[in-house]
Amino acid sequence: MSEVKIAAETRTEFGKGAARRIRRDSKVPGVLYGHGSEPLHLTLPGHELLLALRTPNVLIALDIDGKTNELAIPKAVQRDAIKGFIEHVDLLLVKRGEKVTVEIPVVAEGELAPGGNLLEHVLNALPVEAEATHIPESVTVSVEGLEAGASVHAKDIKLPSGVSLAVEGDAVVLQVLAAQAEEVSPEAEAAEGDEAAEA
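Note that the coordinates shown come from a computational prediction; the quantities given were computed from them, not determined experimentally.

Trainee: I'd like a rundown of the sheet that holds strand 13 (residues 172-177), residues and numbers included.
Mentor: One open sheet accounts for three strands, arranged 8-13-11; its pairing is antiparallel. Each edge of the open sheet is held by one strand with a lone partner, namely strand 8 (118-121) and strand 11 (151-153). Taking each pair of neighbouring strands and ignoring which way they run, the sheet shows an average axis angle of 15 degrees. Inspection of the sheet shows strand 8 paired to strand 13 by four bridges, in the antiparallel sense. Residue pairing for strand 13: L118 is matched across the bridge by L177.

This is the structure:
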């Protein structure tokens, strides 16, 4: 996984007013924590952060005040519910070679067996343990030819080398549901009959 370099500044102002001023400058307030160190409050460039966060579990190489360099992965991102811009980000400090537990997106590929069945994502993301600098962006699961009632368990998913499950192997990740025939209520049937009589 590639690293995204972002220049960050430490911040000394806190509270809603300070956060609003930071966002007005197209920047994002954030906090970096982990490894038992004191949380470090940062200001990050909004556009660069937005682009970086398009990649799940992106590895961010932070250049803090031009003095220190740290590696981090996003742990929590707060977005504005309406406009979608980032309001705040929590970053987890990581070291090369260290294992971290993250959730990676599950991508289904292939066609289900004929019959209009539905694929349900019981888990949209699969909890795994991986080396901080080698977190897979996603896992792909083939659902080719699966019939109603079939399910894919966590243990059935082939993970890249060095990545292990952080969830029970029997956990259901995907399942195929039978197509639901629409039931017509007696009232609707009666209404249709009345319309036919009027026609």
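Trainee: Please give an account of the pairing of strand 9 (residues 125-131) that cites residues and values.
Mentor: Of all seven residues in strand 9, five are buried, a share of seventy percent or more. Bridging between strand 9 and strand 12 (residues 164-165) involves two bridges; their strand directions are antiparallel. If you follow V128 over to strand 12, its bridge partner there is L165.

Trainee: Can you lay out unusual backbone geometry for me, pointing to particular residues and giving the numbers?
Mentor: Within the chain, N57 stands out as a residue other than glycine whose phi angle is a positive 55 degrees. Looking at the element boundaries, N57 is found in the loop between helix 2 (46-52) and strand 4 (59-64). The exposure class assigned to N57 is buried, which follows from its relative accessible area of 12%. Not every positive phi belongs to a glycine, and D65 is a case in point at roughly 55 degrees. Along the chain, D65 falls in the loop between strand 4 and strand 5 (68-79).

Conventions used here
Residues numbered from 1 in each chain as written. Predicted model: local features only at pLDDT ≥ 70, side-chain atom pairs only at ≥ 80, totals over all residues. Heavy atoms only, no water. Pairing = 2+ DSSP bridges. Helix = DSSP H or I, 4+ residues; strand = E, 2+ residues; numbered from the N terminus. Axes fitted to C-alpha atoms, helices over the stretch in contact; angles between N-to-C directions. Buried < 20%, exposed > 50% of the residue type's maximum accessible area, 1.4 Å probe, protein only.

None of this, on its own, says anything about what the molecule does.
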